[in-house]
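# Residue-level structure breakdown
The primary structure of each chain is shown beneath.
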Amino acid sequence: MSAVKILVTTDGSNLSDKAVDTAIGLAEQVGGSVVGMTAVLTPAPAGGFEDEDPVVKERLEAISRKAAEAEVPCEVIAEHAETVAQGVLACAARCNASYIVMASRGLGTFGALLLGSETQKVLSQAVRPV
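So, how was this worked out
Residues numbered from 1 in each chain as written. Predicted model: local features only at pLDDT ≥ 70, side-chain atom pairs only at ≥ 80, totals over all residues. Heavy atoms only, no water. Helix = DSSP H or I, 4+ residues; strand = E, 2+ residues; numbered from the N terminus. Buried < 20%, exposed > 50% of the residue type's maximum accessible area, 1.4 Å probe, protein only. Contact = heavy atoms within 4.5 Å. Areas by Shrake-Rupley, 256 points an atom, 1.4 Å probe, with all protein chains shown as cover. Axes fitted to C-alpha atoms, helices over the stretch in contact; angles between N-to-C directions. Left-handed = near helix turned anticlockwise from the far one by under 90°. Nonpolar A, V, L, I, M, F, W, Y, C, P; charged D, E, K, R; others polar.

### What to know about the overall build of the protein chain
Helix and strand content of the protein chain: five helices and four strands. Start at the N end of the protein chain and walk to the C end: the helices and strands fall as β-α-β-α-β-α-β-α-α. Expressed as a percentage of its 130 residues, the buried residues of the protein chain come to 38%. Sequence separation of at least 24 residues holds for 71% of the intrachain contacts in the protein chain that already meet a minimum separation of 6. About 7400 Å² of surface is accessible on the protein chain, with carbon and sulfur atoms providing 55% of the total.

The structure is reproduced here in structure tokens:
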């Protein structure tokens, strides 16, 4: 059986910081690793990660720092996609994540109905626990 790999998503918010902390804590408990990702809704830069937007790089570097402090193996990915949900699902499949950890803003039924919820879309389409 392969090691547990936990995909965690971030948008740089305080709420997603809590998701990162949760994912790292879970990885510590099970001896797994973390894949930190952020969805980027623009085409990938020609120069790769070095040419990513500084905000994207900082989001991912924050995950790397937290994982390193906890001595949890970590890789980070800027996932370029048309929607956040598509990015999360594609990244989870490609890295063969065991679990997905992400935050939900808690818009409630009415807000989710009007705006849609990227978390809800991931929950309904994922083939792994979220």
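### Observations concerning the environment of Ala3
With respect to the secondary-structure elements, Ala3 resides in the segment before strand S1 (5-9). Sequence-wise, Ala3 and Val30 are 27 residues apart; in three dimensions their C-alpha atoms are separated by 8.8 Å.

### Some remarks on the packing of helix H1 (residues 14-30) against helix H2 (residues 54-69)
For the pair H1 and H2, the least separation of the axes is 10 Å and the interaxial angle reads 35°. The way H1 lies across H2 gives a crossing that is right-handed. The segment H1 lies against H2, with Asp17, Val20, Asp21 and Ile24 engaging Ile63, Lys66 and Ala67. For the contact of H1 with H2, the per-class residue count stands at four nonpolar, no polar and three charged.

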